[in-house]
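Descriptive structure summary
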Amino acid sequence: MKGFVALVLPETVLFLGTCAVMLIGLSPARRLRELSAVVACVALLIAAVLGLFSDTEALAAAGAPMPELVPYIKMLVGVIGILLVMLMTGTVDRREESLVALGRVAYNPLRTVRAEFFAFVLFSLTGVMLCASAPSLIWLFLALELTSLPTYVMVVLSGRAAEAGSKAQEAGVKYFFLGALGAAIFLYGFALIYGGTGATQFTDIAAVIQQDGLNSITTAGFLLALVGVSFKIAAVPMHFYTADVYEGASSGVSAFLAFAPKTAGIVSLIILASCLGWGFIPESGVSGAGQLPPAIDVLLWITAATTMTVGNVLAWLQSSVKRMLAYSSIAHSGYMLVGIIAGPGDGSLDSNGLAASLFYLLTYGVMNIGAFGVLGCLERGHDENGEPVEPETIDDLNGLRHTRPGMAIVMSLCCLSLLGLPPLLGFFGKLPLFTAGISAERIPLVLILGLNSAIAAFYYLRLVNAVLLAPKDEGAEDIEPAKLPFRGISAALSAGGVVTLVFAANPLLETVSRVLPPRAGIASPLDAATPSESEAVSGLEVRAVEPSTTEP
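First, a word on what this report is: a plain description of the structure on this page. (Residues numbered from 1 in each chain as written. Predicted model: local features only at pLDDT ≥ 70, side-chain atom pairs only at ≥ 80, totals over all residues. Heavy atoms only, no water.)

Another aspect to go through is unusual backbone geometry. Across the junction of Val-236 and Pro-237, the peptide omega takes the value 10°, indicating a cis bond. For Pro-237, the position within the fold is in the loop between helix H11 (216-229) and helix H12 (242-248). A cis amide bond links Pro-422 with the next residue in sequence, Pro-423, at an omega value of 5°. Secondary-structure assignment places Pro-423 in the loop between helix H18 (405-419) and helix H19 (425-439). Although it is not a glycine, Asp-93 sits at a positive phi angle of roughly 70°. Within the secondary structure, Asp-93 sits in the loop between helix H5 (70-87) and helix H6 (94-101). The buried category is assigned to Asp-93, whose relative accessible area is 11%. The phi dihedral of Ala-234 falls on the positive side, at around 60°, and the residue is not glycine. Look at Ala-234 and you get buried, because its relative accessible area is 2%. (Helix = DSSP H or I, 4+ residues; strand = E, 2+ residues; numbered from the N terminus. Buried < 20%, exposed > 50% of the residue type's maximum accessible area, 1.4 Å probe, protein only.)

Turning to the nonpolar core, a few remarks are in order. In terms of nonpolar packing, the biggest core is built from 162 residues, with Phe-117, Phe-202, Ile-205, Phe-222, Leu-272, Leu-397 and Met-411 touching the most fellow members. The leading source of residues in this core is helix H13 (residues 251-276), at 17 residues. If sequence neighbours within four positions are ignored, Phe-202 has contacts with Pro-65, Ala-134, Pro-135, Ser-136, Leu-137, Leu-140, Ile-271, Leu-272 and Cys-275. (Core = buried A, V, L, I, M, F, W, Y, C linked by side-chain atoms within 4.5 Å. Contact = heavy atoms within 4.5 Å.)

Moving on to the environment of Gly-248. By the element assignment, Gly-248 lies in helix H12. Gly-248 gets classed as buried once you look at its relative accessible area, which sits at 12%. In sequence terms Gly-248 and Gly-172 are 76 residues apart; their C-alpha atoms lie 8.1 Å from each other. Dropping the residues within four chain positions of it, Gly-248 is found in contact with Lys-167, Ala-168 and Ala-171.

Dropping the structure here:
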C-alpha cells in the first residue's frame, strides 16, 4: 500500500486541485472564478515538491521500472506546468467575461469554459506524471491517453469554437483522428509485446528478454509501440498534424502541446527501450555492445535522422511563426531521439544519452514557452466577433523592438537559445547530445545533428532579425499588448531561465546522470531466479558483454 501511495501521491494532489478548479471556475463571483489559474499553479507546485522528494525505494517496491527517474520528471512537469498555466490565462471566456463585467449579459455558467479548460490542463499534466512511474503496459497506455485526450478539447476551446469552420475546430478534428490512429498503433504493439513475453510488468518483460532473447512477436510489438508513441513527440512519419494544430490553437495551448505530450512520449520511449537493454547481443553473435537490438536501433536511427531533417527543412519554408515553431518542435524531437539511441553509456556525464535527452526536455520546455509566450502577449486588433487576433506571420513582428522592446528581447533570447548559440541554455542542452552520440560511436547521426543545427540557424536568425533589426513596416497594423500580466510574467521567466539556468546546467545534468545508471535501473532477472536459473542467466550476461575466445 505504501508503494502504491508513493506512485500516485503527486497525481492525487493534482486530482484534488482539478476538482477545486472545477468548482471555483463555475462560481458566480468573478474574483473567485479568476482564481482558477492560481489554484492550478498551487496544485502543480505542491505536486512538484512531493514528486521531487518521492521515496525511490517505495517506488521500486511498487514496480516502477525506473524509480530514480520519477522525482526528476514530476518536478519538471510541475515547474514547467506552472509557466504553461500562467501563459494560458485569458485563453478562454475573455469576451464573455467582458460582457458580464459591462452588464450586457448575466453570468451563465453554461456559457463559460474556464473551469473545464484548466481542469483539462491538470488532467493532461497528471497523465505525463503517471507515465514516469508506470509499472506496466496497461498503466502506460492509460497514462498516455490521459495525457492526450484533454488536449484534443483544449485545442478547440482555445479558438473561436462558436464560429463554424474555425481553425481551432479544424485543428481539433485533425488532432483527434490522428491521435486515435497513433493510440491504435501503440496499443496493438503493447498487445504483441504481451503475446511475445507473457508479461505486462516492465520488470518482467525485461527479465524475459534478458533470459530468452527477442522473438519475432516481441520485436514486432516493440516496433509498433515505438511508431505509435512517436505520435506523441510528433516524430516522422507521425508528424503531419503538427503544423495545422499549432496554427489553429492559441499560443498558450500550442506551447502546451509542444511540451506535455512530448515529455510523455520521450519518457515512454526510454522505458520501452530500457526493457530491451542497451548492450543487447543477438544469439547470432553479431556485435551489438552499447546498442539496442538491430531492428529497434535501425527504426530509431531512421526516425531521428528524418525527423530532424524534415522538421528543419519545412521550418525553413514557413512564413507563419506558429508553423515555423511547430516544425521546429518536430526537429527538437529528433534531437532527443539521438540521446535515446546512444543509451546510458557507461553512466558517465559525457556518455549518458538518456540524461542528455531528459535534460534537453527541461531546456526545450523553458525556451519554447518564451517563444510562444511573445505571441500570446501581443495582439493585432480584433476580428468581427470581437476576439483578439494574435500575430501570425514573421512580417507582423517586424520592428517589434520599436514598440515592445521587452518582448523583442524575450523572443531573441529564446530563439537564439533554441538555435543552441552559446552561452545560452540551449547550447548546454544540446552539447550533451553530441558528446553522448560520439561516445556511442554514432558519428553519422552526430553529423546529421550538426548539419540540422546549422539549417535551423536560418529560420531562427530570420525571426531574430525581424524583431530586432527590421524596420517597422509603414502602414502595418499596430501590435498591442494583451492585457494579461500573467502571460508577460511567464514569458519573462522563460527568458530569465534561458540565461540563469546556464549556471545550474552542469549540476542538473549530473543529477539526471546519477539517477540513470547503465541498464537504466531495470531489475536484473537474477533477483528472482533460482540458483540453477541464476547460473544460466549469469552465463548469458557474461556472453552479452564479453566476446567469446578460443583457448589454444
